[in-house]
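These are the residues of each chain, in order.
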Amino acid sequence: MQIEEIWPNYRARIKAFLHSKVANPADVDDLLQEISIKVFTGLPTLSDPSKLQSWLFQTADRTIIDFYRKNARAKTVDPEDLWYSSDDPGIRQDLENCVEPFIRGLPAETAKLLMDIDINGMSQKEYAKAHGLSYSTLKSRVQKGRDDLRKAFDDCCNWTIDTRGNIAEYHLKSDNCKKC
């Protein structure tokens, strides 16, 4: 496996993941660069190529945690209290494989919006400007689209949520749900 083959396939997804955890776009770009270096240097140590996606997102998780730890020294935030520090990477990977198929099952306009913003990492402001929408209108559409996506997941799965709002486990409601 070569980084030149892997990074283009995952860069946008990792950037979207970073945008969901870090508010400042400049910090997102810095973290993305840091993650790319970690991937480049750590890829030769990955023994099981089938775990590539999980390894990439664990690397991103650890980088985000390190970022908040470094910044927490100046603030009173305890990095151990960050909600995603206890995320189960296996559950996240399983469910991540369902996101794009579920999005593609939504109406075309909603699917394009969520693919561009949540998967490909386009900012909402950029999307609104490119499509001639007001930012507030776009935010409403994104929220509705995400609600529709959540409904698609709810239609297929039963969830167990922990006290922090994270998915602790999930089970398919029936064998008929094979959208992902």
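Here goes a summary of the coordinates provided. What you see is a predicted model; the values in this text were computed from it and never measured.

1. A closer look at the overall build of the protein
Turning to step 1, where the next piece is worked out: Looking only at helices and strands, one finds 7 helices and 2 strands in the protein.
Turning to step 2, where the next piece is worked out: In the protein, the succession of helices and strands from N to C terminus is α-α-α-α-α-α-α-β-β.
Turning to step 3, where the next piece is worked out: Buried residues in the protein amount to 39% of all 180 residues.
Turning to step 4, where the next piece is worked out: Within the protein, contacts between residues separated by at least 24 positions form 55% of all contacts whose residues are at least 6 apart in sequence.
Turning to step 5, where the next piece is worked out: For the protein, the computed accessible surface area is about 10,800 Å², with 50% contributed by carbon and sulfur atoms.

2. Quick notes on the pattern of salt bridges
Turning to step 1, where the next piece is worked out: Throughout the structure, instances matching the rule amount to 11 salt bridges.
Turning to step 2, where the next piece is worked out: The shortest N-O distance in the salt bridge between Lys 15 and Asp 29 comes to 3.5 Å. Remark: Asp 29 occurs in helix H2 (residues 25-42) and Lys 15 occurs in helix H1 (residues 3-21); sequence separation between them is 14 residues.
Turning to step 3, where the next piece is worked out: Residue class for Asp 29 comes out partly exposed when judged on its relative accessible area of 41%.

3. Points about the packing of aromatic side chains
Turning to step 1, where the next piece is worked out: Going through the model one piece at a time under the given rule, you end up with 3 aromatic pairs.
Turning to step 2, where the next piece is worked out: Centre to centre, the rings of Phe 17 and Phe 57 are 5.5 Å apart; their planes meet at 85°, and the pair counts as edge-to-face. Remark: Phe 57 occurs in helix H3 (residues 52-72) and Phe 17 occurs in helix H1; sequence separation between them is 40 residues. Neither residue differs from the other here; Phe 17 and Phe 57 are each classed as buried.
Turning to step 3, where the next piece is worked out: Ring centres of Phe 67 and Tyr 68 lie 5.2 Å apart, and the angle between their planes is 70°; on these two criteria the pair is classed as edge-to-face.
Turning to step 4, where the next piece is worked out: With a relative accessible area of 13%, Phe 67 lands in the buried category.
Turning to step 5, where the next piece is worked out: Using a relative accessible area of 22% as the deciding quantity, one classes Tyr 68 as partly exposed.

Quick notes on the rules
- Numbering of residues starts from 1 in every chain and runs along the sequence as written.
- Predicted model: local features are reported for residues with pLDDT of at least 70 only, side-chain atom pairs are reported and counted for 80 or more only, and whole-chain, interface and lining totals are derived from all residues.
- Here the side-chain values reflect all heavy atoms present in the structure, with hydrogen atoms and water set aside.
- Numbered from the N terminus, helices here are DSSP runs of H or I no shorter than four residues, and strands are runs of E no shorter than two.
- Summary of the burial criterion: residues with accessible area below 20% of their type's maximum are buried, those above 50% are exposed, and those between are partly exposed, where the area comes from a 1.4 Å probe applied to protein chains only.
- Residue contacts are defined here by distance: any two heavy atoms, one from each residue, within 4.5 Å place the two residues in contact.
- Every accessible area reported is derived by Shrake-Rupley at a probe size of 1.4 Å, with residue values counting cover from the shown protein chains alone.
- Any carboxyl oxygen of Asp or Glu that lies within 4 Å of a side-chain nitrogen of Lys or Arg is treated as forming a salt bridge with it.
- Between rings of Phe, Tyr and Trp, where Trp is taken as its six-membered ring, a pair exists when centres lie within 6.5 Å; planes separated by under 30 degrees are stacked, by over 60 edge-to-face, and by other angles tilted.

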